[in-house]
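# Residue-level structure breakdown
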Amino acid sequence: MGQRERNKIDKLRRIKDAARELFIEKGFDDTMTREIAIRAGVGLGTIFIYAANKRDLLFLIVNDGLENVTKEAEASVSERASLLENLLDISRRHYEFFGRQPALSRLVLREMVFYDSGAQAGRFQATREGLIELLGKVVALAVAQKSASPNETPQFVGWTIFCIFQVELRRWLSHDAPNLREGMVALQRTLTLFIGGLKPAKNALALRRPADSKHGKAPERKVRRSRSGFF
C-alpha cells in the first residue's frame, strides 16, 4: 500500500471518528458537517467525497459493521439448529452490534426511515435486503426439514419476521441501558408466539369486509422492496 492510499484510509478513519464523537456529544440535529471536518482535520470538500450529507455521514459510520454482522449471521446458520435457534442467533449478533453504542444506534435507527438517497444509502439498503433474504432462507431450511409448514412463501414469512425483529430491536434500544439478555428473552417470546401461531378457530379469521373490498378479493401477497429504511 502506497503512502497516498494510507493517507486516504487515515482521513476516512478520522472522519468516522469525528462524526461518531460529535453525534454522541451533541446529537445528530445539532452537529454541523463543518464541525466534523474541523475535528477530523480535513477540508469540508473531503467530507463530501465520502458522504453526500450529514445523514450519509451517520451511515458511513455503521455500514461496514452492519455488512460484517450480516455476513457473520449468514455463516452462523446451522442445519442442526431449530428455526427459533437460528433466528435468535441471527438477531443476537445484530443486538450486540447496536448495543455497543446505544446512543449512536438510536440515531441510526431514527434516520433509517425512508433513507434512499446519498452515497451510503445503496450499501445500507443492500445490507437490509440481505438480512431479509437470510431470514427467508432460514424459514426455507425449516420447510425443507419439515419442521415448519407455513401457508405463505418462505420469503414472505422472512419479511414478517424482519418486521417483528426491527420493532423489538427499537423497543430494546429505547431503554437507557439496554440489557442483552432481557432483549433476547423478549424477542424469543415474540418469535415463539409467531412460530406457534394463535391456533385460531374459524371465526377468528372471518371477515365481514374483504381486505380489498373494491375488487372483492384479498390482494396478492408478495414481498416488495420498500422505500422505508426500517431496519
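Presented here is a report on the structure given in the accompanying data block. (Residues numbered from 1 in each chain as written. Predicted model: local features only at pLDDT ≥ 70, side-chain atom pairs only at ≥ 80, totals over all residues. Heavy atoms only, no water.)

This part is about unusual backbone geometry. Positive phi, normally seen in glycine, also occurs at Lys146, with a value near 65°. Residue placement: Lys146 occurs in the loop between helix H7 (121-144) and helix H8 (154-173). Judged by its relative accessible area of 76%, Lys146 is exposed. In this structure, Lys199 takes a positive phi of about 50° despite not being glycine. By the secondary structure assignment, Lys199 is in the segment after helix H9 (180-196). (Helix = DSSP H or I, 4+ residues; strand = E, 2+ residues; numbered from the N terminus. Buried < 20%, exposed > 50% of the residue type's maximum accessible area, 1.4 Å probe, protein only.)

As a further point, take the environment of Arg93. Its location among the elements puts Arg93 in helix H5 (residues 83-99). Take Arg93: its relative accessible area is 27%, and that puts it in the partly exposed class. Distance from Arg93 to Gly41, taken between C-alpha atoms, is 34 Å for residues 52 residues apart in sequence.

What follows deals with the pattern of salt bridges. Applying the stated criterion across every chain yields a total of 19 salt bridges. The shortest N-O distance in the salt bridge between Arg123 and Glu67 comes to 2.9 Å. Here the residue Arg123 occupies a position in helix H7, and Glu67 occupies one in helix H4 (residues 54-76), the gap between them amounting to 56 residues. Measuring nitrogen to oxygen at the nearest pair gives 3.7 Å for the salt bridge that ties Glu133 to Lys137. Of the two residues, Glu133 and Lys137 are both situated in helix H7; the distance of 4 residues between them amounts to about one turn of the helix. Taking relative accessible area as the criterion, Lys137 reaches 42% and is therefore assigned partly exposed. (Salt bridge = Lys/Arg side-chain N within 4 Å of Asp/Glu carboxyl O.)

A separate point is the side chain of Thr46. Inspection of the secondary structure assignment puts Thr46 in helix H3 (residues 44-50). Owing to a relative accessible area of 17%, Thr46 belongs among the buried residues under this scheme. Apart from the residues within four sequence positions on either side, Thr46 is in contact with Lys11 and Ile15. (Contact = heavy atoms within 4.5 Å.)

Attention shifts here to the packing of aromatic side chains. Using the criterion set out here, one finds 7 aromatic pairs in the structure. Both rings, one in Phe23 and one in Phe28, keep their centres 5.3 Å apart while their planes meet at 45°; by these two values the pair is tilted. Residue Phe28 is classed as buried on the basis of its relative accessible area of 7%. Ring centres 6.5 Å apart and planes at 40° place the aromatic pair Phe162 and Phe165 in the tilted group. One end of the pair, Phe162, and the other, Phe165, are both in helix H8, 3 residues apart, so they sit about a helical turn from each other. Since its relative accessible area comes to 5%, Phe165 is described here as buried. We note Lys54 situated over the ring of Phe28; from NZ or CZ to the ring centre the distance is 4.8 Å. (Phe/Tyr/Trp six-rings, centres within 6.5 Å; stacked < 30°, edge-to-face > 60°. Lys NZ or Arg CZ within 6 Å of the ring centre and 35° of its normal.)

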